[in-house]
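Spelled out from the first residue to the last, the chains are:
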Number of protein chains: 2
Amino acid sequence: MRNKDEAVVIFSGGQDSTTCLLWAKKNYKKVYAISFDYNQRHKKELDCAKEICKELNVEHHILDMDLLNQLAPNSLTRTDIKVDTSAPTDGTPPNSFVDGRNMVFILFAAIFAKQRKVSDIITGVSQSDFSGYPDCRDVFIKSMNVTLNLAMEFEFNIITPLMWIDKEETWELADKLGGFELVRNKTLTCYNGIEGDGCGNCPACKLRKRGLEAYLEKKTSVHN
Amino acid sequence: MRNKDEAVVIFSGGQDSTTCLLWAKKNYKKVYAISFDYNQRHKKELDCAKEICKELNVEHHILDMDLLNQLAPNSLTRTDIKVDTSAPTDGTPPNSFVDGRNMVFILFAAIFAKQRKVSDIITGVSQSDFSGYPDCRDVFIKSMNVTLNLAMEFEFNIITPLMWIDKEETWELADKLGGFELVRNKTLTCYNGIEGDGCGNCPACKLRKRGLEAYLEKKTSVHN
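Quantities reported herein were computed from a predicted structural model and do not represent experimental measurements. (Residues numbered from 1 in each chain as written. Chains lettered and ligands numbered in written order. Predicted model: local features only at pLDDT ≥ 70, side-chain atom pairs only at ≥ 80, totals over all residues.)

## Regarding the environment of Asp66(A)
All names here are of chain A.
Okay, step 1: Tracing the chain through its elements places Asp66 in helix 3 (residues 66-71).
Okay, step 2: Sequence separation between Asp66 and Ala7 is 59 residues; the distance between their C-alpha atoms is 25 Å.
Okay, step 3: Ignoring any residue separated from it by four or fewer positions in sequence, one finds Asp66 in contact with Tyr38 and Asn39. (Helix = DSSP H or I, 4+ residues; strand = E, 2+ residues; numbered from the N terminus. Contact = placed C-beta atoms within 7 Å.)

Shown next as structure tokens:
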């Protein structure tokens with residue numbers, strides 16, 4: 001029997017996963033949010049995640065993923081390496097990249113989900129703002145879904161509400177779901193650890209801001 | 001450029017992975033053995049693994065996988081649950097099962113391997129003594145290989161020397177590789193934590209013993 005009432009959301013406390021959490025809240029009776037503590041540079045990310053779950057009344061689990069830090073030391077997990085805030089020009093991932101990190105998150109979310117007889121796993125990955133992360137591509141997600149189902153003899157269903165929409169449309173979706181202010185003020189996307197509108201200068205802030213401005217402009221023009 | 005000189009072996013210190021380690025030693029210039037510490041019931045497993053690597057002069061890494069224990073408490077990782085030493089009769093996995101455990105091991109071995117520019121990953125899974133573990137099947141391994149390659153944009157090559165051979169043939173392979181005595185005396189397979197020939201009564205010991213006796217009989221008859 002398919003469990004249509006419950007879902008697990010992979011939740012970082014950023015714009016995308018918060019929008020997914022709002023989406024899940026609309027579509028399921030019970031939602032579990034799962035976050036990963038991998039000694040990320042900005043512990044504040046987890047604080048934001050906790051606060052958002054509290055506000056949305058969502059059961060929140062934080063898994064200790066320190067192993068990831070042992071294995072792949074890099075700029076987002078080690079405080080002694082400076083974040084390169086300039087976007088790479090050659091299409092390579094920024095130095096905030098941990099190889100296979102997203103695959104690790106999905107695998108542990110699946111183990112967590114199966115224990116609760118939950119098959120639907122929601123993740124905010126998007127191919128539209130694909131910035132060189134191969135494990136955010138749709139082809140990876142589909143292959144991962146098959147592999148998980150084979151590994152655990154279970155009918156997992158990985159759902160990616162943001163796969164084909166860009167940042168502007170993500171803002172629009174959050175607004176439609178009644179979470180525009182929550183996403184704007186409570187989420188953390190900024191590489192420099194400033195919540196809400198952030199520092200405004202790092203690649204993550206620029207991408208977010210560009211989408212926000214485009215959405216606000218569209219919204220205003222529609223209303224006028 | 002394909003790295004044909006190095007390989008990573010997923011290594012538990014048991015009969016199968018030790019045979020794989022011997023196989024890798026014959027086929028590569030440099031071999032990394034990787035073990036996982038997930039608070040398994042028998043810490044001795046890791047001691048055996050260490051000793052074998054020392055004897056074979058193999059670089060050995062032990063990764064802390066305590067998270068697995070947090071997520072999937074069961075009889076091999078929790079000392080307060082008795083191991084059910086009778087083989088289940090309905091084809092279901094014994095209660096020593098951690099869902100998706102093998103997938104976790106392969107994923108972390110892959111992350112470890114890519115960091116060293118190593119593409120070949122060797123694991124001792126076998127479909128012949130398939131005891132209900134879906135992530136030991138060949139179809140899972142092949143799907144996992146594709147998913148890993150997509151996730152990390154890398155040409156991993158998962159090699160399973162034991163996939164289609166049974167315990168008798170595994171003994172034969174170890175013997176051909178010059179490791180019969182090492183495998184017989186230094187490995188730990190027994191659910192009750194006794195190395196070498198083990199307790200003789202648990203399903204793992206029975207399977208091992210049956211294969212050993214069949215191989216010794218064959219060897220004797222061939223020599224006579």
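## Thoughts on the relation of the copies chain A and chain B
Okay, step 1: Screw-axis analysis of chain A against chain B gives a translation of 0.0 Å along the axis, an RMSD of 0.0 Å, and a rotation angle of 180°. Viewed as a symmetry operation, the transformation between the two copies matches a two-fold axis. (Least-squares fit on C-alpha atoms with pLDDT ≥ 70 in both.)

## Structural notes on the interface of chain A and chain B
Okay, step 1: Counting residues at the interface gives 29 residues for chain A, matched by 30 residues for chain B.
Okay, step 2: Elements supplying a minimum of two residues to the side of chain A that touches chain B: strand 3 (59-64), helix 3, helix 4 (101-115) and helix 5 (138-152) of chain A.
Okay, step 3: Partitioned by chemical class, the residues of the side of chain A that touches chain B number 20 nonpolar, four polar and five charged. (Nonpolar A, V, L, I, M, F, W, Y, C, P; charged D, E, K, R; others polar.)

## Here's the deal with the packing of helix 4 (residues 101-115) of chain B against helix 5 (residues 138-152) of chain B
Residue and element names in this part refer to chain B.
Okay, step 1: Close contact between helix 4 and helix 5 brings their axes to 11 Å; oriented N to C, the two are set at 40°. Put simply, helix 4 runs oblique to helix 5. Between helix 4 and helix 5 the crossing geometry is right-handed. Of helix 5, the residues touching helix 4 (which contributes Met103, Ile106, Ala110 and Lys114) are Met144, Leu148 and Met152. (Axes fitted to C-alpha atoms, helices over the stretch in contact; angles between N-to-C directions. Parallel < 35°, antiparallel > 145°, perpendicular 65-115°, else oblique. Left-handed = near helix turned anticlockwise from the far one by under 90°.)

## So, the sheet that holds strand 1 (residues 6-10) of chain B
All names here are of chain B.
Okay, step 1: With parallel pairing, the five strands of this open sheet are ordered in space as 3-2-1-4-5. Two strands lie at the open edges of the sheet, namely strand 3 (59-64) and strand 5 (157-159), each paired on one side alone. Each strand axis lies, on average, 25° off the axis of its neighbour in the sheet, ignoring direction.
Okay, step 2: Where strand 1 lies against strand 2 (residues 30-37), five bridges are found, and the strand directions are parallel. Across the sheet, residue Val8 finds its bridge partner in strand 2, namely Tyr32. (Pairing = 2+ DSSP bridges.)

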